[in-house]
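Structure assessment
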Amino acid sequence: MEKKLVFSGVQPTGSLHLGNYLGALKNFVDLQKNNECIYCVVDLHAITVFQDPIELRDNILETTAAFLASGLDHKKSIIFNQSSVSGHAELAWILNCVARIGWLNRMTQFKDKAGKDREKASVGLYIYPNLMAADILLYKSTHVPVGADQKQHLELCRDIAQRFNNDFKKNIFPIPEPLIQKNISRVMSLRDGTKKMSKSDESSYSRIDLKDSADEIVKKIKKAKSDSLPIPESLSELDSKPEALNLLNIYSDLNKSTLEKTLNEMKGKDYSYLKNKLSEILIEIICPIGKKITQFLDDKNFLEKVINEGSEKANKIAQKNLKEIKNTVGFL
Ligand code: AMP
Ligand code: TRP
């Protein structure tokens with residue numbers, strides 16, 4: 001059987017939230033048991049939108065702390081920050097010359113993030129998906145755990161890998177597979193069930209941060225939008241109730257159950273019943289992670305040691321692959 005090499009990245013742009021945990025981090029931890037895994041704090045991606053340098057430094061350490069607090073083990077997996085391995089930026093340049101403008105023009109995340117005034121977006125934001133492809137391909141990764149919002153970027157990465165292999169008539173890159181959670185690939189905002197839960201939402205009531213206290217969790221879940229009618233019996237009735245569906249999905253996932261089973265247990269009950277149960281399980285699962293993040297942040301030297309050691313290991317693999325890639329392209 002082909003050996004898996006797992007790679008994924010998280011941007012250090014603020015505190016991580018329940019969407020990051022259920023959509024990505026939880027999967028990272030499961031994969032670490034039986035595979036070689038590389039997890040990267042993608043600081044080069046973060047600066048595609050201006051970051052205050054002092055905050056960026058804190059956020060790199062906080063994202064590293066969140067990785068460890070969620071259960072990643074730096075002895076098993078490589079944990080590091082992207083800017084410390086120069087191969088990411090070098091390969092990104094080569095891939096800029098492989099990817100087509102037409103492919104990038106289809107990226108919906110760029111359209112969303114750049115908004116109406118696209119001319120004012122940084123060039124980095126536009127070519128961000130090529131850098132993401134470089135992250136993955138630099139290690140010849142075969143599997144990439146991500147939330148559903150990254151599916152299109154993964155498809156682009158596959159196209160770039162294929163195009164490179166075809167252009168140079170050599171099978172340099174494996175075509176990486178996305179690993180997207182089945183039950184809950186997109187955790188939605190607690191205020192608007194049609195928008196994804198996001199670090200950048202102005203309202204902190206839209207998300208559960210991993211560092212939230214038990215009181216904050218209870219308050220946010222109480223205020224979360226749901227529905228005025230009782231919990232329905234069938235899945236189809238939830239189609240027009242995205243906020244209710246989101247709460248039920250989150251509960252089912254944390255409870256290691258399915259939406260069908262949760263509906264069976266809760267049909268006819270008021271949403272306050274679901275909200276109490278949901279708060280309880282969130283406090284049980286999320287608060288210990290939050291406490292560990294705070295503890296890790298008290299020992300910045302340790303966090304720096306983890307990423308320095310990780311960078312060294314990542315750099316070794318990157319340099320070896322980059323040599324082969326540069327040679328393939330025709331550089332001396
Ligand atoms: P980011 O914070 O944008 O760097 O995202 C890090 C990882 O978390 C990526 O794999 C995203 O797909 C995932 N992610 C972010 N927000 C959500 C969400 N609301 N639901 C599910 N996954 C998410
Ligand atoms: N673009 C991803 C996000 O915003 C982060 C990311 C950067 C990533 N490089 C990656 C994810 C490589 C997986 C693999 O969430």
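Residues numbered from 1 in each chain as written. Chains lettered and ligands numbered in written order. Predicted model: local features only at pLDDT ≥ 70, side-chain atom pairs only at ≥ 80, totals over all residues. Heavy atoms only, no water.

**Here we look at the nonpolar core**
One broad rule of soluble globular proteins: the nonpolar side chains tend to lie buried together. Judged by nonpolar contacts, the single largest core of 58 residues is most densely connected at F67, I250, L278 and L282. Top element by residues in this core is helix α12 (residues 271–297). It accounts for 10 residues. Two domains each donate at least three residues to this core, and these are domain 1 (5–185 + 300–329) and domain 2 (204–295). Membership of the second largest hydrophobic core comes to 42 residues, among which are L137, V144, V146 and L156. (Core = buried A, V, L, I, M, F, W, Y, C linked by side-chain atoms within 4.5 Å. Buried < 20%, exposed > 50% of the residue type's maximum accessible area, 1.4 Å probe, protein only. Helix = DSSP H or I, 4+ residues; strand = E, 2+ residues; numbered from the N terminus. Domains from an automatic or database assignment.)

**Some words on the packing of helix α1 (residues 18–32) against helix α10 (residues 242–254)**
Axis separation between α1 and α10 bottoms out at 12 Å; the angle between their running directions is 45°. By the angle between their axes, α1 is oblique relative to α10. Seen along the crossing, α1 lies across α10 with a hand that is left-handed. Residue-level contacts link L18, L22 and K26 of α1 to I250, D253 and L254 of α10. Partitioning the contact of α1 with α10 into residue classes produces 4 nonpolar, no polar and 2 charged. (Axes fitted to C-alpha atoms, helices over the stretch in contact; angles between N-to-C directions. Parallel < 35°, antiparallel > 145°, perpendicular 65-115°, else oblique. Left-handed = near helix turned anticlockwise from the far one by under 90°. Contact = heavy atoms within 4.5 Å. Nonpolar A, V, L, I, M, F, W, Y, C, P; charged D, E, K, R; others polar.)

**A short note on the domain arrangement of the chain**
Many descriptions give the size of an interface as the accessible area lost when the pieces come together. What the domain assignment lists for the chain is domain 1 (5–185 + 300–329) and domain 2 (204–295). On a C-alpha basis, the centroid separation for the pair domain 1 and domain 2 is 30 Å. Counting from both sides, the interface comprises 15 residues of domain 1 and, opposite them, 16 residues of domain 2. Taken together, the two surfaces of domain 1 and domain 2 that pack against each other cover about 1,300 Å², and 68% of this comes from carbon and sulfur. When residues of domain 1 are sorted by the area they lose upon contact with domain 2, L18, A69 and I184 head the list and together hold 38% of the total. Our count for the contact surface shared by domain 1 and domain 2 stands at 2 salt bridges. Residue E62 pairs with K211 through a salt bridge whose shortest N-O separation is 3.2 Å. Taken together, the links from domain 1 to domain 2 amount to 4 residue pairs in polar contact (both at pLDDT 80 or more). (Buried area = accessible area lost by both parts, 1.4 Å probe. Salt bridge = Lys/Arg side-chain N within 4 Å of Asp/Glu carboxyl O. Polar contact = N/O pair within 3.5 Å; in protein donor to acceptor, adjacent residues only side chain to side chain.)

**Examining the site of ligand 1**
Around ligand 1, the structure places 17 residues, and the nearest of them are Q11, G147, D149, V187 and K199. Between ligand 1 and G147 there is a distance of 2.8 Å, counted from an oxygen atom to a backbone nitrogen or oxygen. Taking V187, its main chain carries an N or O atom lying 2.8 Å from a nitrogen atom of ligand 1. In isolation ligand 1 exposes 480 Å². Once the protein is present, 92% of that is buried. Considering every element that reaches the shell around ligand 1, the biggest residue donor is α1, with 4 residues. Per-class residue counts for the shell around ligand 1 are 5 nonpolar, 8 polar and 4 charged. (Near = heavy atom within 4 Å. Areas by Shrake-Rupley, 256 points an atom, 1.4 Å probe, with all protein chains shown as cover.)

**Thoughts on the packing of aromatic side chains**
Taken as a whole, this structure holds 8 aromatic pairs when the rule is applied. Seen from their ring centres, F28 and Y39 are 4.4 Å apart, and the 10° between their planes marks the pair as stacked. Remark: Y39 occurs in strand β2 (residues 36–41) and F28 occurs in helix α1; sequence separation between them is 11 residues. Residue class for Y39 comes out buried when judged on its relative accessible area of 0%. Considering the side-chain rings of F80 and Y139, the 6.2 Å spacing of their centres and the 70° angle between planes classify their relative orientation as edge-to-face. Highlighted residues: F80 in strand β3 (residues 78–81) and Y139 in the loop between α7 (123–138) and β4 (143–145), separated in sequence by 59 residues. One exposure class covers both F80 and Y139, and it is buried. Feature note: the residues F7, F80 and Y139 constitute an aromatic cluster, connected by ring pairs. The positively charged end of K223 is found above the aromatic ring belonging to Y205, 5.0 Å away from the centroid. (Phe/Tyr/Trp six-rings, centres within 6.5 Å; stacked < 30°, edge-to-face > 60°. Lys NZ or Arg CZ within 6 Å of the ring centre and 35° of its normal.)

**Points about the pattern of salt bridges**
The full count for this structure, using the stated rule, is 15 salt bridges. Between D149 and K196 there is a salt bridge, with its nearest N and O atoms 2.8 Å apart. One end of the pair, D149, is in the loop between β4 and α8 (151–167); the other, K196, is in the loop between β5 (177–179) and α9 (214–223), and 47 residues separate them in sequence. Looking at K196, the relative accessible area reads 36%, which means it is partly exposed. Among the salt bridges present, the one from E177 reaches R158, with a minimum N-O distance of 3.8 Å.

**Structural notes on the pairing of strand β1 (residues 5–10)**
Taken across its 6 residues, β1 has 5 buried, putting it largely inside the fold. With 6 bridges connecting them, β1 and β2 associate as parallel partners. Across the sheet, residue S8 finds its bridge partner in β2, namely Y39. With respect to chirality, the unit in which β1 leads through α1 into the neighbouring parallel β2 is right-handed. (Pairing = 2+ DSSP bridges. Right-handed = clockwise from strand over helix to strand, strands pointing away.)

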